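# What the coordinates show
Chain by chain, the residues run as shown.
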Amino acid sequence: MQNNQSILHNIRILDFTWVLAGPYATRLLADFGAEVIKVQPLLSTEADDAFSQGYYNTWNRNKLGITLNLNKPQGVSLAKRLAGMCDVVVENFAPRVMANWGLDYDNLRKVKPDIIMLSMSVMGQTGPWRDYTGFGPTVQAFSGMTYLTSFPGGPPLGPGFSYADHIAGLYASLALLGALEHRRKTGEGQYIDISQVEAMTGLLGSAFLDYAASGKEPKPVGNSSMLAAPHNVYPCRGENRWCAISVFTEDEWRGFKRALGNPAWADDKKFATLYSRIDNRDELDRLVTTWTQEHTAEEVMSRLQENGVAAGVVQDATDLAGDPQLRARGFFIKHPEKELPPADASPIKLSQTPSEYRRAAPFPGQDNDYVYGRLLGLSESEIADLKKNGVI
């Protein structure tokens, strides 16, 4: 039977996060019913232009929004009172920030002994580099990913977006779910210390294993692979159109040849085995490119997939918006309250407690009256005094 309540409907989160990594973690939980109270300064710069507004709305839907001046003692006092009413506190500042306000875990558990607190910083809360600050691209560089995802002999490029922010957000949401389950079983809260660099480094396990086994320092390989050939992104007909192709097995190689019409060059002995194809990958790539440039990326993908070969169009934003698989899965949603471009839905499908999209991202202070009045029980005159004194 369908459950009318979201799976996290009884969880309340006090959210001090900003930019992407932290807001993404709390958005994932808000999509499944958690009441997330987003704390913002009185003068927020997160949504002061068209780009920032879209960015802000993407990562902060389904949240309540309050303003709070934490540079005033009254503001800190209110934050502690709010924490006492919450299950979770999440922040992604540099390590010194929450402690300077007296809102670190040791202080918050005095207010609520079973509180769960998650901190998400670049290097973590301990160690000689704890005070380093940064964002996605610097996290990727520190982890080694930027170097390893470059092309041999070229500059350290790395991915073209803040991949590390998404990874840290996913780690954080899973850690919080684990902590909530632990508290449900034991009654104990806990402190979660996430280093975004360590989270990224954890995805480079094969590089570490290779170094441990061979003693050789991992090097950038671009789009190449030691397990497949062809294995690259190939230019196709049209302006800046590409298709990614990977051939791992001999069955796939036979399918690849069929898709290309069994060209004579494909039967050359230098391409007879996987290892020989890897040894001659540069020549192989040139021959494959000759074929892909004669066709659209969609034609290349379809023909190869029909013959059992892994291939996919390198999609731009327009492609993604019209992608039939994403459309069939209901991946894009419209904001329920604002005329904004479509945003990504949750890719997690739960049959009895699906994600919901109840409201757009809040304006700063949009829910002050509800949070301070209804939840904390402050009177209208008390709220008016807080506004007058620049606390909210």
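Values in this document were obtained by computation on a predicted structure and should not be read as measured data.

A surface patch of nonpolar side chains, about 230 Å² in accessible area, is lined by Ile7, Ile348 and Leu350. Along the chain, Ile7 turns up in the segment before strand S1 (12–15). For Ile7, a relative accessible area of 46% corresponds to the partly exposed category.

Bringing the sheet that holds strand S8 (residues 242–246) into the picture now. A sheet is described by the order of its strands in space; here three strands give the open sequence S7-S8-S9, paired in antiparallel fashion. In the strand order of this sheet, the two ends are held by strand S7 (231–235) and strand S9 (310–313), each with one partner. The average undirected angle you get between the axes of adjacent strands in this sheet is 20°. Looking at chain direction, S7 and S8 are connected through five bridges and run antiparallel. Residue pairing in the sheet places Pro235 in a bridge with Trp242 of S8. Relative to the sheet, helix H13 (residues 281–292) contacts S7 and S8, its axis offset from that of S7 by approximately 40°.

All right, on to helix H8 (residues 163–186) then. The terminal C-alpha atoms of H8, which comprises 24 residues, lie 35 Å apart, in line with the 34 Å expected from a rise of 1.5 Å per residue. All of the buried residues in H8 are Ala164, Asp165, Ile167, Ala168, Gly169, Ala172, Ser173, Leu176, Ala179, Leu180 and Arg183. Those residues of H8 that are buried are in contact with helix H1 (21–30), strand S4 (88–91), strand S5 (116–121), helix H6 (136–143), strand S6 (190–195) and helix H9 (196–201). After H8 finishes, the residue Gly187 shows a positive phi value of roughly 80°.

All right, on to the pairing of S5 then. With six of six residues buried, S5 lies mostly within the body of the structure. Of the two faces of S5, the one carrying Ile116, Leu118 and Met120 and the one carrying Met117, Ser119 and Ser121 are both buried. Note that S4 and S5 share four bridges and pair parallel. Residue pairing in the sheet places Glu91 in a bridge with Ser119 of S5. Summarising the sheet, S5 and S6 pair through six bridges and their orientation is parallel. When the sheet's bridge partners are listed, Ser121 is paired in S6 with Ser195.

Moving on to the environment of Gly373. Within the element layout of this structure, Gly373 appears in helix H17 (residues 368–375). Along the sequence, Gly373 and Ile383 sit 10 residues apart, while their C-alpha atoms lie 7.5 Å from each other. Not counting residues within four places of it along the chain, the set of residues in contact with Gly373 comprises Asn368, Leu378 and Ile383.

What counts, and where the lines are drawn
Residues numbered from 1 in each chain as written. Predicted model: local features only at pLDDT ≥ 70, side-chain atom pairs only at ≥ 80, totals over all residues. Heavy atoms only, no water. Patch = residues over 30% accessible without salt bridge, like charges linked within 9 Å, V, L, I, M, F, W, Y side chains within 5 Å. Areas by Shrake-Rupley, 256 points an atom, 1.4 Å probe, with all protein chains shown as cover. Salt bridge = Lys/Arg side-chain N within 4 Å of Asp/Glu carboxyl O. Helix = DSSP H or I, 4+ residues; strand = E, 2+ residues; numbered from the N terminus. Buried < 20%, exposed > 50% of the residue type's maximum accessible area, 1.4 Å probe, protein only. Pairing = 2+ DSSP bridges. Axes fitted to C-alpha atoms, helices over the stretch in contact; angles between N-to-C directions. Contact = heavy atoms within 4.5 Å. Expected span 1.5 Å × (residues − 1).

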